[in-house]
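Now for the letters of each chain:
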Amino acid sequence: MRNGVTGLAAQVSLRSGLDPTEKGSLFLFCGWRKDRIKGIMYEGDGFILINKRLTNGRYCWPESQERETKSLTLEEYDRLMSGFPIASTIK
């Protein structure tokens, strides 16, 4: 979580093969403590760096042994930011 815009954009390119300068795409990163999320978004003329740290609790970030890329719907994004798991636990 020490990276800034340049380091995060490089991670997007190198690890996922995606283009961090795709206008309107938001890329989120979560630290190992899961109490903070960083995001970058390109607006056509520059990047926006987003940093959110929870005062209480942790994000329900998906567990994975590998660093993988996952596309989220707007509903999944809202669930994540509200402290709920991305996937519904109700079947």
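Preceding this section is the structure that the text describes.
Enquirer: Give me the pairing of strand E2 (residues 36-42): which residues, what numbers.
Expert: Within E2, 5 of the 7 residues are buried, which leaves it mostly tucked inside the rest of the structure. Inspection of the sheet shows E2 paired to strand E3 (residues 47-53) by 7 bridges, in the antiparallel sense. The partner of Ile40 across the bridge, within E3, is Leu49. Turn length for the E2-E3 hairpin, with the two strands adjacent in sequence and antiparallel, is 4 residues, and the turn residue Gly44 shows positive phi of about 100 degrees.

Enquirer: For the pattern of salt bridges, give the residues involved together with the corresponding values.
Expert: Summed over all chains, the structure comprises 1 salt bridge. The salt bridge involving Asp35 is made with Arg36; its shortest N-O contact spans 3.2 Å. Judged by its relative accessible area of 14%, Asp35 is buried. The class of Arg36 is partly exposed, set by a relative accessible area of 22%.

Enquirer: Got a sec to walk through the layout of surface pockets? Specific residues and values, please.
Expert: As a volume, the largest pocket reaches approximately 1400 Å³. If you go around the largest pocket, you meet 39 residues; those closest to its centre are Leu28, Phe29, Cys30, Trp61 and Glu68. If you list the elements that add at least two residues to the lining of the largest pocket, you get helix H1 (5-16), strand E1 (26-30), E2 and helix H2 (74-81). Of the residues that constitute the lining of the largest pocket, the class distribution is 16 nonpolar, 9 polar and 14 charged.

Analysis parameters
- Residues numbered from 1 in each chain as written.
- Predicted model: local features only at pLDDT ≥ 70, side-chain atom pairs only at ≥ 80, totals over all residues.
- Heavy atoms only, no water.
- Buried < 20%, exposed > 50% of the residue type's maximum accessible area, 1.4 Å probe, protein only.
- Helix = DSSP H or I, 4+ residues; strand = E, 2+ residues; numbered from the N terminus.
- Pairing = 2+ DSSP bridges.
- Salt bridge = Lys/Arg side-chain N within 4 Å of Asp/Glu carboxyl O.
- 1 Å grid on protein atoms, 1.4 Å probe; cavity = no way out; pocket = protein on both sides within 12 Å on 5 of 7 lines; lining within 4 Å.
- Points joined across faces, edges and corners; volume = space filled by probe spheres on them.
- Nonpolar A, V, L, I, M, F, W, Y, C, P; charged D, E, K, R; others polar.

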